[in-house]
Amino acid sequence: MKRICRNLLLLACLNISAALQAESVPDWLLELDRMKHQQPEQSLARLTERQSEFASQPDSVKAYWLRQQAALFSSLGRHQQQQQAAREGLKLLQDTESALKVELWYELGYAMEMQVQLTEALQHYQQGTALATLLDDEKLILRGLINQAAIISDQNNDQQALSLLKDVYQRAEMLKDPEILAEVNAQLGLMYSSLAFEDDAVEFLLRALGLYQQLGWVKNEIAVLFNLARTYSYQTKYQLALDYFNQMLQRSLAANDSVNLYHAYLGLAITSAEMGRTEAALGYIEKAEQYLTHLQSSYHVQTHHYEKALIYRDLEQTSLAMQQVMLAEQAARQPAEQADHVALAITLLRAELLAQQDQYQKAYLALHDFIEGFQKLRNKENELALEHMRLEFDSERQQVRTSLLEAENELKALRLQEVERKRQIQMLWLAILGGTTLILLGIVLWQFSRRASKTTKVSSDLPL
């Protein structure tokens, strides 16, 4: 469920730089930037209607157009098309460094994240954050760090992700940007929920909900309603969970939001199943299935059929449950990092269902596959942990080397200062010695001249 919650956190996109706006972007295209959070379906339709104008635009406007297209595809759950639009935009900007290029990196990263290709997603987020840092754009930097924290959390390094988010939160408080504050509060709420600190999670999520309502960002508001509902479900406050899922459902119906209608019905189905209302759960998940085609993610298809299989199992309809398990297995067309956990859950459920059908040999083989897969996953996680430790060690060793080099440079500087000080003292003593010598020489000369004058006077006074 952690992944489902994260999938609902849609990327909020930034406005293009004022210089580009003033230069050549058509007013109607700028207007779409303001509409996309409230009316993504209508915005995409309008963009499609004017597709014939795309070829005649300069590259900078084409890139802006594609970034808008990618953001709208993201809101509608069409992540393969989002990926394609983002890549095309980046090709147009390959020789430039701009905020628009950062946004396209983030769009591409999000598209890969929603397709559970986490390594590539993190790489793209890091590329965008590095460029944002070069541009000294704090808002874009914080957005990139939030995205990276989500991936790090998905890779089961929650403590590192939480530490990163806390740092972002402090910087966002100083920046006082409502968009960044809303996003970091939403992500912190999700993090605390996944770590079983539900009370803290609710506090952050309610704060994010209020901020998104002030911004008028309906899609993000709906996503937070989902996360609030699931958090209350984790606390076994099922009625509150149902209330928030119903709020989400009504907001999604009003917005004609097919993607979030799916998640609202799925949430109602899972919560109903947790309450033991299995018949109601089946009705809700069948309604959700009507909108499943709007989600371009094999992960979502896997989890959908897995949840439906659990409901059929609870209804003791083993054959129908097994059919859903087979559909879930077929949905895993491409191996994905985070989907390993879902694949293991499906394998374990298959073993259970086979045992219920008295097919104990097949059940044993499925259970063996589960144990083997679980061990591989643990080994993989251990390897990632060791690699992380190695990188930390290399970083610490580099810091020590840097510190030693700095100390050596400071020592050299002190030695040079000491040499210079000794030279100055030596020059001072030479000056003193020279001055003293001159004074003594002057005295000697004065004494000599005085004695000479006396001798001359005595000689002149003697009688001839």
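Thresholds applied
- Numbering of residues begins from 1 in every chain and follows the order in which that chain's sequence is written.
- Given that this is a predicted model, residues contribute local features only at a pLDDT of at least 70 and side-chain atom pairs are listed and counted only at 80 or more, while totals for whole chains, interfaces and linings are drawn from all residues.
- The basis for every side-chain value is the complete set of heavy atoms in the structure, and neither hydrogens nor water enter the calculation.
- Elements are defined by DSSP. Helices are runs of H or I of four residues or more, strands are runs of E of two residues or more, and each kind is numbered from the N terminus.
- With a 1.4 Å probe rolled over the protein chains alone, any residue whose accessible area is under 20% of its type maximum counts as buried; one over 50% counts as exposed, and the rest are partly exposed.
- For this analysis, residues touch if any pair of their heavy atoms sits within 4.5 Å.
- Only the protein chains shown count as cover for residues, with accessible areas throughout obtained via the Shrake-Rupley method and a probe of 1.4 Å.
- Salt bridges are defined by distance alone: a side-chain nitrogen of Lys or Arg within 4 Å of a carboxyl oxygen of Asp or Glu.
- One number per residue, pLDDT, summarises how confident the predictor is, and it ranges from 0 to 100.
- Only buried Ala, Val, Leu, Ile, Met, Phe, Trp, Tyr and Cys residues count toward a nonpolar core, and they belong to the same one when joined by side-chain atoms within 4.5 Å.
- One less than the residue count of a helix, multiplied by 1.5 Å, gives the span that helix is expected to have.
- Relevant arc is that of directions from the helix axis to the C-beta atoms, nothing else.
- Nonpolar side chains (Val, Leu, Ile, Met, Phe, Trp, Tyr) are joined into patches within 5 Å and like charges within 9 Å, using only residues with over 30% relative accessible area and no salt bridge.
- We define a polar contact as two N or O atoms separated by no more than 3.5 Å, with the added condition that, inside protein, one atom must be a possible hydrogen donor and the other a possible acceptor, whereas residues neighbouring each other in sequence contribute only through side-chain atom pairs.
- Geometry is summarised by axes, namely lines fitted to C-alpha atoms with helices restricted to the contacting stretch, and by angles between N-to-C directions that run from 0 to 180 degrees.
- Angles are sorted into four bins: roughly parallel if under 35 degrees, roughly antiparallel if over 145, roughly perpendicular if 65 to 115, and oblique for all others.
- When the near helix sits turned anticlockwise from the far one by under a right angle, the crossing is termed left-handed; a clockwise turn instead gives a right-handed crossing.
- Under the convention adopted here, Pro, Cys and the residues Ala, Val, Leu, Ile, Met, Phe, Trp and Tyr are nonpolar, Asp, Glu, Lys and Arg are charged, and Gly plus all remaining residues are polar.

Asker: Can you lay out the overall build of the chain for me, pointing to particular residues and giving the numbers?
Answerer: Across its full length, the chain holds 20 helices and zero strands. Burial analysis of the chain (464 residues in total) assigns 46% to the buried set. For the chain, the share of sequence-separated contacts (at least 6 apart) that also reach a separation of at least 24 residues comes to 64%. When the accessible area of the chain is evaluated, it comes to approximately 24,000 Å², of which 55% is carbon and sulfur surface.

Asker: Give a detailed account of the pattern of salt bridges, specifying residues and quantitative values.
Answerer: A full pass over the atoms with the stated rule returns 17 salt bridges. One salt bridge in this structure joins E221 and R251, with 3.0 Å as the shortest N-O distance. Pair noted here: E221 is in helix α13 (residues 218-234) and R251 is in helix α14 (residues 238-255), with a separation of 30 residues, a long-range link. Here R230 makes a salt bridge to E274, at a shortest N to O gap of 3.4 Å. Taken together, the residues R230 in helix α13 and E274 in helix α15 (residues 258-274) connect sequence positions 44 residues apart. Residue class for R230 comes out buried when judged on its relative accessible area of 2%.

Asker: Just give me the short version of the confidence of the model for the chain, but keep the residues and values in it.
Answerer: Taken as a whole, the chain shows an average pLDDT of 80; of its residues, 79% reach a score of 70 or greater. For the chain, the element scoring lowest by mean pLDDT is helix α2 (residues 18-23), at 42; helix α16 (residues 278-289) scores highest, at 94. A low-confidence stretch, residues 335-339 stays under pLDDT 50, and its non-local contacts, those more than four residues away or across chains, total 14 contacts. Low confidence marks residues 384-396, where pLDDT is under 50. Its contacts with residues over four positions away, or in another chain, come to two contacts.

Asker: So, the nonpolar core: which residues are in play, and what are the values?
Answerer: Grouped together as the largest cluster of nonpolar side chains are 119 residues, with contacts concentrated most on L29, V184, L188, V224 and L228. When residues in this core are grouped by element, the largest group, 10 residues, is from helix α7 (residues 99-114). Residues in contact with L29, not counting those within four places in the same chain, are L47, V61, Y64, W65 and Q68.

Asker: Go over α14, please, and point to the residues and values.
Answerer: Note on helix geometry: an α-helix contains 3.6 residues per turn, so any two residues three or four positions apart are oriented the same way. The terminal C-alpha atoms of α14 lie 25 Å apart, and with 18 residues this matches the ideal 26 Å at 1.5 Å per residue to within 8%. Those residues of α14 lying buried are A241, L242, Y244, F245, M248, L249 and S252. The buried residues of α14 all sit within an arc of 165 degrees when viewed along its axis, so they share a single face. Facing away from the buried side of α14 by more than 90 degrees, the exposed set consists of Q250 and A254.

Asker: Which residues make up a nonpolar patch on the surface, and what values go with them?
Answerer: A contiguous nonpolar surface patch, about 420 Å² in accessible area, is contributed by I425, L428, W429 and I432. Note that I432 resides in helix α20 (residues 360-461). In this structure I432 comes out as partly exposed when scored by relative accessible area, which is 39%.

Asker: Any chance you could break down the environment of R350 for me, citing the residues and the numbers?
Answerer: Tracing the sequence through the fold places R350 in helix α19 (residues 339-356). Each C-alpha atom, one on R350 and one on K362, is 9.3 Å from the other, the two residues being 12 residues apart in sequence.

Asker: Could you give an account of the side chain of D158, naming the residues involved and the relevant values?
Answerer: Considering the arrangement of structural elements, one finds D158 in helix α10 (residues 158-175). Engagement of the side chain of D158 in a polar contact is seen with the side chain of S153, the distance being 2.9 Å.

Asker: Please provide a residue-by-residue account of the side chain of H305, values included.
Answerer: For H305, the location among the structural elements is in helix α17 (residues 298-314). With relative accessibility at 10%, the residue H305 sits in the buried group. With sequence-adjacent residues up to four places away left out, H305 is seen in contact with Q324, L327 and A328.

Asker: Give me the lowdown on the packing of helix α5 (residues 59-75) against α7, citing residues and values where you can.
Answerer: Running from N to C, α5 and α7 cross one another at 30 degrees; their axes reach a closest spacing of 10 Å. The angle between the axes of α5 and α7 places the two elements in the roughly parallel class. Judged by the sense of rotation from one axis to the other, the crossing of α5 with α7 is left-handed. Contact residues: α5 offers S60, A63, Y64, R67, A70, A71 and S74, while α7 offers L100, E103, L104, E107 and Y110. Residues that form the contact of α5 with α7 fall into these classes: seven nonpolar, two polar and three charged.

Asker: Summarise unusual backbone geometry; cite the residues concerned and give the values.
Answerer: Although it is not a glycine, K176 adopts a positive phi angle of roughly 60 degrees. When you line up the elements, K176 lands in the loop between α10 and α11 (178-194). With a relative accessible area of 67%, K176 lands in the exposed category. For E316, which is not glycine, the phi dihedral falls at a positive 60 degrees. In this structure, E316 sits in the loop between α17 and α18 (318-331). With relative accessibility at 70%, the residue E316 sits in the exposed group.

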